[in-house]
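Here are the chains, one letter per residue:
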Amino acid sequence: VAQQTGATLKYVPLNVETGEFDIETLDSLLTSNTKIVSFQHVSNVLGTINPVSDIVTLVRSKASPDCKIVLDACQSVPHMPVNVQELGVDFLAASGHKMCGPTGIGFLWAHENTLNDMPPYMGGGEMIDDVEMEKSTYAPSPARFEAGTPAIAQSIGLGAAVDYLMNIGMDRIHAYEKELAYYLRRRLCEVDGVKVLGPNEDVPTAALVSFVCDYVHASDLSTFLDMEGVAVRAGHHCCQPLHKAVGHSHSARASLYIYNNKEDIDKFIEHLQDTLSFFGSLEGDNDGDGSDEEFVPFI
């Protein structure tokens, strides 16, 4: 968009020491010419829960009166109560597969007036109002943005997932995951050779932790853990600039949800320690009792 329009693109850096959003730098970057502010509700790498209310208040006080605030809520909507009326943002995006729904579907929420002021980005059936030889008018939102045959099965599946989570209760889900998040972070901090990325233990986070290990690349670690029945994600998690800011090219990430419990975390830590012990023996750094000889990485 900046290349097409000539707009100036600015970034709010990570506070590397705290792993949190640097709201003071945001304050210094905002001007009366600021037209769009976009940020995450929850970091998919660090688990940081950003202070949406404080950010929105600051933007509304310093940015252009018609500035639009875009919130990436993919990591928050499935895990905590989210009320778009209270957040005060203009756009909110979330994905279906992160909230027990099908893949290939998500949603964009926005104020109805805002959507109706926007032109459609795609033409097709069901999105027009009146067609003449010289011009066309378009249906009100959301139809104007849903040209052609919709993803019917995925939409039904996403609706069922929403009902499922609402029946459990988002307050209950958030409280449960908050407990799991603290336990996971604490257990990982106890493992020798592991560096946990993100805020300190006393800062509330989402139920995910990214970490790096001495002498083991994240991809190798994830492969070996997978053979033990433990699934972690390895890579830069679509956040290369963030990883560069914390001084690492990649990390491993352990994520929890409503179907996990503390026993799962304990098993994960057990297999992680076994895997690190094995790699440590290859580096000549194993000070253990030789129990790694029983660890079989390939079967």
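The structure contained in this document is the topic of the report that follows. Values in this document were obtained by computation on a predicted structure and should not be read as measured data.

**A closer look at the overall build of the chain**
Per the secondary structure count, the chain includes 10 helices and 12 strands. Contacts spanning at least 24 positions in sequence make up 60% of the contacts within the chain whose residues lie at least 6 apart. Of the roughly 17100 Å² of accessible surface on the chain, 51% is carried by carbon and sulfur atoms. If the 19 positive side-chain charges of the chain are averaged to one point and the 42 negative ones to another, these points end up 7 Å apart.

**Details of helix H6 (residues 152-168)**
Spanning 17 residues, H6 covers 25 Å between terminal C-alpha atoms, matching the ideal 24 Å at 1.5 Å per step. Within the sequence span of H6, burial applies to Leu158, Ala161 and Leu165. An end-on view of H6 places all buried positions within 60 degrees of arc, on one side of the element. Facing away from the buried side of H6 by more than 90 degrees, the exposed set consists of Ala153, Ile156, Met166 and Asn167. Against the buried residues of H6 lie strand S6 (106-110) and helix H7 (170-189). Within two residues after H6, Gly169 carries a phi angle of roughly 105 degrees, on the positive side.

**Considering helix H3 (residues 52-62)**
All buried positions along H3 are accounted for by Val52, Ile55, Val56, Leu58 and Val59. Around the axis of H3, the buried residues are gathered within 165 degrees of arc, so they sit on the same side. Looking at H3, the residues exposed on the side facing more than 90 degrees away from the buried face are Ser53, Thr57 and Ser61. The elements touched by buried residues of H3 are strand S2 (20-21), helix H2 (23-29), strand S3 (36-40), strand S4 (68-72) and helix H4 (84-87).

**Observations regarding the environment of Leu242**
Mapped onto the elements, Leu242 comes out in helix H9 (residues 240-246). Sequence separation between Leu242 and Ala161 is 81 residues, and the spatial gap between their C-alpha atoms is 31 Å.

**Considering the packing of aromatic side chains**
Taken as a whole and assessed by the stated rule, the structure comprises 6 aromatic pairs. Residues Tyr257 and Tyr259 carry aromatic rings whose centres are separated by 5.5 Å and whose planes lie at 85 degrees to one another, so their mutual orientation is edge-to-face. Given a relative accessible area of 4%, Tyr257 falls into the buried group. A residue is classified by how much of its surface remains accessible, and Tyr259, at 62% relative accessible area, is exposed. Grouped by ring-pair contacts, the aromatic residues Phe224, Phe278 and Phe279 constitute a single cluster.

What counts and how
Residues numbered from 1 in each chain as written. Predicted model: local features only at pLDDT ≥ 70, side-chain atom pairs only at ≥ 80, totals over all residues. Heavy atoms only, no water. Helix = DSSP H or I, 4+ residues; strand = E, 2+ residues; numbered from the N terminus. Contact = heavy atoms within 4.5 Å. Areas by Shrake-Rupley, 256 points an atom, 1.4 Å probe, with all protein chains shown as cover. Lys, Arg positive; Asp, Glu negative; His and termini not counted. Charge placed at Lys NZ, Arg CZ, Asp CG, Glu CD. Expected span 1.5 Å × (residues − 1). Buried < 20%, exposed > 50% of the residue type's maximum accessible area, 1.4 Å probe, protein only. Arc of directions from axis to C-beta. Phe/Tyr/Trp six-rings, centres within 6.5 Å; stacked < 30°, edge-to-face > 60°.

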